[in-house]
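Reading the structure
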Amino acid sequence: MVVSFNGVVSYSPVPNLRFYSFRNNPYNDCTAGSESITAAVGRHTCLSVLFLEERLDSHLLDDKDTLFEGNASAFRVMSYRFIIHTKDNYQRTFVFALLVAVLLVSAKVWRVLFFTRFPVDKYGNSIPPGPVGLPILDYWAKRFGPIYSLWLGNQLFMMISDPQIVKDLMVTNGAIFSSRKEMFLKNQTIFAGRGITVTPYNNRWRKHRRLAMTALNPRAVDGYAHVLDYEATVLIKELLMYGKDGGVPINPQPHIGRCSLNVMLTVTFGLRTDSIDNPLVAKALRLSREFMNCTGPVSNMTDFVPLLQRLPNCMVERGKRLHRELVETYGGMVDDIATRIKDGEHVPDCLVTNLLQVKDEEELDYLDMSMLCSAFMIAAIMQWFSALIPAHPEIQEKAHQELDNVVGRSRLPTMDDEKNLPYIRAIIKEVERCHNPFWLGNPHVSTQDFTYRGQFIPKDTVLILNTYTMHHDHQRHPDPFKFNPDRYLNDSTLSSESANLPNVMERDHWMFGIGRRICPGIWVAEREIFLVIVRMLWAFRMEEIPDEPIDLKEYDGLSGRSPVPFRIQMIPRHAKVAQVLGLD
Ligand code: HEM
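This is a predicted model, so every value here is computed, not measured. (Residues numbered from 1 in each chain as written. Predicted model: local features only at pLDDT ≥ 70, side-chain atom pairs only at ≥ 80, totals over all residues.)

**A word on the overall build of the chain**
Secondary structure assignment for the chain yields 25 helices and 12 strands. Burial analysis of the chain (584 residues in total) assigns 43% to the buried set. Taking the contacts inside the chain whose residues are at least 6 apart along the sequence as the reference set, 72% of them involve residues at least 24 apart. (Helix = DSSP H or I, 4+ residues; strand = E, 2+ residues; numbered from the N terminus. Buried ≥ 20, exposed ≤ 12 C-beta atoms within 10 Å, placed from the backbone. Contact = placed C-beta atoms within 7 Å.)

**A word on the confidence of the model for the chain**
The predicted model of the chain averages 79 in pLDDT, with 76% of residues at 70 or higher. Taken element by element, the chain is modelled with least confidence in helix 3 (residues 72-88), mean pLDDT 30, and with most confidence in helix 20 (residues 393-406), mean pLDDT 98. pLDDT under 50 marks residues 1-89. Its contacts with residues more than four places away, or in other chains, come to 126 contacts. In the predicted assembly, ipTM is 0.98 and pTM is 0.78. (pLDDT = per-residue confidence, 0-100.)

**Things to note about the environment of Val267**
As for its position among the elements, Val267 is in helix 12 (residues 253-269). Separated by 198 residues in sequence, Val267 and Leu465 place their C-alpha atoms 29 Å apart. In contact with Val267, not counting residues within four places along its chain, are Ala215, Tyr224, Cys350 and Leu351.

**So, the environment of Asn293**
Residue position: Asn293 is located in helix 13 (residues 279-294). Owing to 20 C-beta atoms within 10 Å, Asn293 belongs among the buried residues under this scheme. Counting along the chain gives 265 residues from Asn293 to Leu558, while the straight-line C-alpha distance between them is 5.0 Å. The residues touching Asn293, leaving out its near neighbours within four places in the chain, are Gly557 and Leu558.

**Remarks on the UniProt feature "binding site: heme" (unreviewed entry) in the chain**
As recorded in UniProt, the feature "binding site: heme" (unreviewed entry) lies at Cys519. For Cys519, the location among the structural elements is in the loop between helix 23 (495-498) and helix 24 (522-539). By C-beta crowding, Cys519 is classed as buried, having 23 other C-beta atoms within 10 Å. (UniProt positions renumbered as here; feature names shortened; annotations may be inferred.)

**Looking at helix 12**
With 17 residues, helix 12 extends 23 Å between its outermost C-alpha atoms, agreeing within 8% with the 24 Å of an ideal straight helix rising 1.5 Å per residue. Most of helix 12 sits out of view: 15 of its 17 residues are buried. Remark: Gly270 follows helix 12 within two positions and exhibits a positive phi of approximately 70 degrees. (Expected span 1.5 Å × (residues − 1).)

**Quick notes on the packing of helix 16 (residues 314-342) against helix 17 (residues 351-358)**
Between helix 16 and helix 17, the least distance of the axes is 10 Å, while the angle of their chain directions is 70 degrees. Judged by the angle between their axes, helix 16 and helix 17 are roughly perpendicular. Crossing geometry of helix 16 relative to helix 17 is assigned as right-handed. Mapping the contact onto sequence places Val334, Ile337, Ala338 and Ile341 in helix 16 and Val352, Thr353 and Leu356 in helix 17. Classifying every residue of the contact of helix 16 with helix 17 gives six nonpolar, one polar and no charged. (Axes fitted to C-alpha atoms, helices over the stretch in contact; angles between N-to-C directions. Parallel < 35°, antiparallel > 145°, perpendicular 65-115°, else oblique. Left-handed = near helix turned anticlockwise from the far one by under 90°. Nonpolar A, V, L, I, M, F, W, Y, C, P; charged D, E, K, R; others polar.)

**Let's talk about helix 16**
Taking 1.5 Å as the rise per residue, helix 16 with 29 residues should run 42 Å; its terminal C-alpha atoms sit 41 Å apart, in good agreement. Bending of helix 16 peaks at approximately 30 degrees at the position of Gly331. Among all positions of helix 16, only Met315, Gly319, Leu322, His323, Leu326, Tyr330, Met333, Val334 and Ile337 are buried. Directly after helix 16, the chain includes Gly344, whose backbone phi takes a positive value near 80 degrees. (Bend = angle between axes of the 7 residues up to and from the residue.)

**Digging into the environment of Phe450**
Within the secondary structure, Phe450 is located in strand 6 (residues 450-452). Residue class for Phe450 comes out partly exposed when judged on the 16 C-beta atoms lying within 10 Å of it. Between the C-alpha atoms of Phe450 and Asn173, which are 277 residues apart in sequence, the distance is 9.6 Å. Every residue in contact with Phe450, bar those within four places of it in the chain, is listed here: Asn173, Ile176 and Ile457.

**Structural notes on the nonpolar core**
Counting 89 residues, the largest nonpolar core has Cys373, Ile424, Val532 and Ile533 as its most contacted members. Ranked by size, the runner-up nonpolar core spans 37 residues in total, among them Ile147, Met170, Ile457 and Met511. (Core = buried A, V, L, I, M, F, W, Y, C linked by C-beta atoms within 7 Å.)

**Points about unusual backbone geometry**
Even without being glycine, Glu363 reaches a positive phi, approximately 55 degrees. Tracing the backbone shows Glu363 in the loop between helix 17 and helix 18 (366-377). Unusually for a residue other than glycine, Asp479 sits at a positive phi of about 50 degrees. Structurally, the position occupied by Asp479 is in the loop between helix 22 (467-471) and helix 23.

Here is the structure:
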């Protein structure tokens, strides 16, 4: 068969991964090429792809990026060479095959080899592992272009690293690209197919999204603005007290975690924790962290190799345990509220009271409500700011000057000050650009075949928003690895406004996702982030501890990343801090 096509096949360092990227192809040729290559590569297993790379490296072909220019003769030569290679390298094939088998059997090994590293602290102790996939995905984006595809087991992924393409697919064609993949671990095991975040684009999702929005829309957020204000103030007081007025180093992470948790507990269940020692704080933060660690978009082979789903496997066990714990914890709280209402007790208005009222008419069962509430509780993390700012005293200094000019020292900053604090706003956007916790968003899935600029995107393809590459684009953000709030000084938008700008190239960042599945918590999260950061800056000078440098390259979590534990000195900026907080 003679097929004409023009494309790129490349290798992966991971056996069982295949890449095809087709450029400027008429739809038919592209498909023919894709099938032919799949057939050839498939016949000789993934090893063929590795051998292909050898061929590329030995310059048998002129240009790595236009490998299959012309017609099938090149392709025939290529498949012929595969056969020769695999025969000539029999022993090598055996070793690779063994490696593939080991990888397939153990999701843990997979994760350890390719998606984790073994970081140690300065004393040589092991600290929690983190993904190393990030720079590879960025490298691949530069090599294969702003849309490239890869196979993981039985699933086709496309990485999208260009804002215009993201908009064209996920906004303009949002009806096609707004579903979710039924990932075995995240969707089926942990959320039991119920959570709003994982529900495919269907009526169940529409219902859950509508219900979630009753608690998260801007008007609703206005209604509990006092909760955000209160919790941010409690946080500052706590940091001052636990840090003994700057006298002892402190890890702000659990305190910030409790602040976010209390907001969500109030909105969802009408309750809050009274101190960091309340067992619910540790439990909720542990569940959230476990969720982030179990659910990287491309990191669990269990999701893509059906056989693994039936074999004893530590990831499946972790997923089942997490599901049980979410139901026990948050489902238990739903139960508790239902019982209290039945007993005639007064329960404050919250998401759960609303859900219980509409449960029959909306056909919600207990699991629906438990999983919707769980999705609320594991949403927010915001610790990068305090890990990063101590290393930038000059930026803190500028922020302090702005605060002294606009707010003064005899009151706390409020939401009303936001519009007059462009430098603080810029700091926040820059933290979000540099350290987006959801660095690969939450994957979208196509619900029908689609051809985009001549490239074929089959139904059921998982599309990943590669925000890491978009946030580090040299053209849009010169010197992209430098933390430089000045780049956002002229951006006066809220992120919730920026997400709707007609020119997508002007959007601040993609931390909250895009399109019909954009984070519905964006309004509450933005306010919370502003209040916490502006008040931390107003109250403290944050300094690194000389012998404890903070390594921002280490992080915890796969789908959502947070910095590994660290300590800083939080020194009150002036004598009035304690007085304004009512602690004198
Ligand atoms: C810094 C804070 C937060 C960040 C960075 C964030 C980010 C995201 C992202 C990237 C998505 C996926 C969007 C997409 O598919 O394109 C998402 C979805 C979601 N977020 Fe957030 N989020 C945050 C806070 C919150 C909060 C406070 C809530 C409150 C409940 C929340 C609730 C949700 C829900 C329910 C979804 C699923 C939406 C759907 O699938 O329809 N998030 N979030």
